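Notes for the structure review
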There are 2 protein chains.
Amino acid sequence: MKHSKLVTKPLTREAFSQFGDVIEIDGSQHYSINEGAVERYHDLANLDIDDGGRAIISFFKINHTKTFPHKFNLMERHPKGSQAFIPMFNAPVVIVVAPKGESFSSSNLQAFATNGKQGFNFKAGVWHMPLISDVKDRLFVVVDRSGPGENCDEVSLENETIELTLA
Amino acid sequence: MKHSKLVTKPLTREAFSQFGDVIEIDGSQHYSINEGAVERYHDLANLDIDDGGRAIISFFKINHTKTFPHKFNLMERHPKGSQAFIPMFNAPVVIVVAPKGESFSSSNLQAFATNGKQGFNFKAGVWHMPLISDVKDRLFVVVDRSGPGENCDEVSLENETIELTLA
């Protein structure tokens, strides 16, 4: 069994651009509406839903607690649509991604930690680790795809475990 | 100048059904994903975006403070798409709506107060009061439409003010 190590780095638009969008107020285009009563931070994620599907809003509720270092070897992808996550809490979230492609390897994984005020939108087909949290019952707003066909592929690394730690 | 009074009632799916969706966990369809690690509360709003537009995610940040009773006479609608609001805070939100149609009158307004854990999705064309809050800098996740054409109509009641109070 091979053991690989992976360490988080801060989530930024630049570092994450090949995987998707960072959904955050800082640095976003914005303008006033309702005669200045409300500021609109506009169009923060590229919702890429295939023609046969439609965008939907869901809540994801965390039903576990994970501690670091976190060991895993399974990733998933949604080939037919993007998937956006917006945390409903003010605490960092750790994500692991790998570029689009038929599979992934431990050599092309990247781990990011949000600053506690960021959401993220995975491009269609981008590999990502299933959602983890150190606190149970946390909520995320999720905007992703509903529609016909299989839209979740899972792949495990064989004879290999990744050990994920916080920077 | 005519003065009309309007009092909030609790936001429920039944009471709100002609105006749109209540986005909440209570009573929603849900199922486990990721081998039970996450519970998915699935497809909570009917995102109705016209063919020329696309669904987008934005943040709205409150840039005012309102107190009750709140006086207003202006409502708005978005004829080309639904508009979903999910508060990023745990406190009631007060909304006022009127049915779809060319205009509205003080006689067909209804006011609702959320329970602090609810979002709401206005159907395309439903009249609603601009967003109000008693606390500045509060954030909402908004999923609505981007696309060509005018998609915000505003109408004021002439010689009439509505006085909105909490139940």
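Residues numbered from 1 in each chain as written. Chains lettered and ligands numbered in written order. Predicted model: local features only at pLDDT ≥ 70, side-chain atom pairs only at ≥ 80, totals over all residues. Heavy atoms only, no water.

It is worth spelling out the overall build of chain A at this point. A tally of helices and strands in chain A yields one helix and 15 strands. For a compact globule of 167 residues, the expected C-alpha radius of gyration is about 15 Å, and chain A comes in at 16 Å, within 12% of that figure. Viewed in the frame of its principal axes, chain A has a C-alpha envelope of about 60 × 35 × 30 Å. Counting all 167 residues of chain A, 55% fall into the buried class. Sequence-distant contacts in chain A: of pairs separated by 6 or more residues, those separated by 24 or more amount to 84%. Counting only carbon and sulfur atoms, one obtains 47% of the accessible surface of chain A, whose full area is about 7500 Å². For chain A, the centre of its 17 positive side-chain charges and the centre of its 21 negative side-chain charges are spaced 4 Å apart. (Helix = DSSP H or I, 4+ residues; strand = E, 2+ residues; numbered from the N terminus. Rg over C-alpha atoms; globule rule 2.2 N^0.38 Å. Buried < 20%, exposed > 50% of the residue type's maximum accessible area, 1.4 Å probe, protein only. Contact = heavy atoms within 4.5 Å. Areas by Shrake-Rupley, 256 points an atom, 1.4 Å probe, with all protein chains shown as cover. Lys, Arg positive; Asp, Glu negative; His and termini not counted. Charge placed at Lys NZ, Arg CZ, Asp CG, Glu CD.)

Every contact between the two is made by 40 residues of chain A and, on the other side, 40 residues of chain B. Of the roughly 3400 Å² buried between chain A and chain B on both sides combined, carbon and sulfur atoms contribute 60%. Of all residues in chain A, the largest losses of buried area upon contact with chain B belong to Arg40, Ile57 and Phe59 of chain A, amounting jointly to 21% of the total for that side. Across the contact surface, chain A and chain B share four salt bridges. Where chain A meets chain B, there are 24 residue pairs in polar contact (both at pLDDT 80 or more). Among the secondary structure elements, those contributing two or more residues to the side of chain A that touches chain B are β4 (38-41), β5 (54-62), β8 (83-87) and β13 (139-146) of chain A. The element that contributes the greatest number of residues to the side of chain A that touches chain B is β5 of chain A, accounting for nine residues. Its residues assigned to classes, the side of chain A that touches chain B shows 24 nonpolar, eight polar and eight charged. With four bridges joining them, β4 of chain A and strand β5 (residues 54-62) of chain B adopt antiparallel strand pairing. Across the sheet, the residue bridging to Val38 of chain A is Ile62 of chain B, located in β5 of chain B. (Buried area = accessible area lost by both parts, 1.4 Å probe. Salt bridge = Lys/Arg side-chain N within 4 Å of Asp/Glu carboxyl O. Polar contact = N/O pair within 3.5 Å; in protein donor to acceptor, adjacent residues only side chain to side chain. Nonpolar A, V, L, I, M, F, W, Y, C, P; charged D, E, K, R; others polar. Pairing = 2+ DSSP bridges.)

Attention now moves to the relation of the copies chain A and chain B. Laying chain A over chain B is done by rotating through 180° and shifting 0.0 Å along the axis; what remains is an RMSD of 0.0 Å. Between the two chains, the operation in question is that of a two-fold axis. Closest approach to the rotation axis within chain A is made by the C-alpha atom of Met88 of chain A, at a distance of 2.9 Å. (Least-squares fit on C-alpha atoms with pLDDT ≥ 70 in both.)

Scored by pLDDT, chain A comes out at a mean of 97, with 100% of its residues at no less than 70. Here the complex is predicted with pTM 0.97, and the ipTM for its interfaces comes to 0.97. (pLDDT = per-residue confidence, 0-100.)

So, on to the sheet that holds β5 of chain B. The pairing of strands in a sheet comes from backbone hydrogen bonds and takes either a parallel or an antiparallel form. What the seven strands build is an open sheet, ordered β3(A)-β4(A)-β5(B)-β13(B)-β8(B)-β11(B)-β2(B); its pairing is antiparallel. Edge strands, defined here as strands with exactly one partner in the open sheet, are β3 (30-33) of chain A together with β2 (20-23) of chain B. The average undirected angle you get between the axes of adjacent strands in this sheet is 25°. Where β3 of chain A lies against β4 of chain A, four bridges are found, and the strand directions are antiparallel. Of the residues in β4 of chain A, the one forming a bridge with Tyr31 of chain A is Arg40 of chain A. (Axes fitted to C-alpha atoms, helices over the stretch in contact; angles between N-to-C directions.)

Turning to the sheet that holds β5 of chain A, a few remarks are in order. Taking strand neighbours across the sheet as the criterion, the seven strands line up as β2(A)-β11(A)-β8(A)-β13(A)-β5(A)-β4(B)-β3(B) in an open arrangement whose pairing is antiparallel. Strands at the two margins of the open sheet, each flanked by one partner only, are β2 (20-23) of chain A together with β3 (30-33) of chain B. Across the sheet, the axes of successive neighbouring strands diverge by a mean angle of 25°, strand direction being ignored. Looking at chain direction, β8 of chain A and β13 of chain A are connected through four bridges and run antiparallel. Along β13 of chain A, the bridge assignment pairs Pro87 of chain A with Phe140 of chain A.

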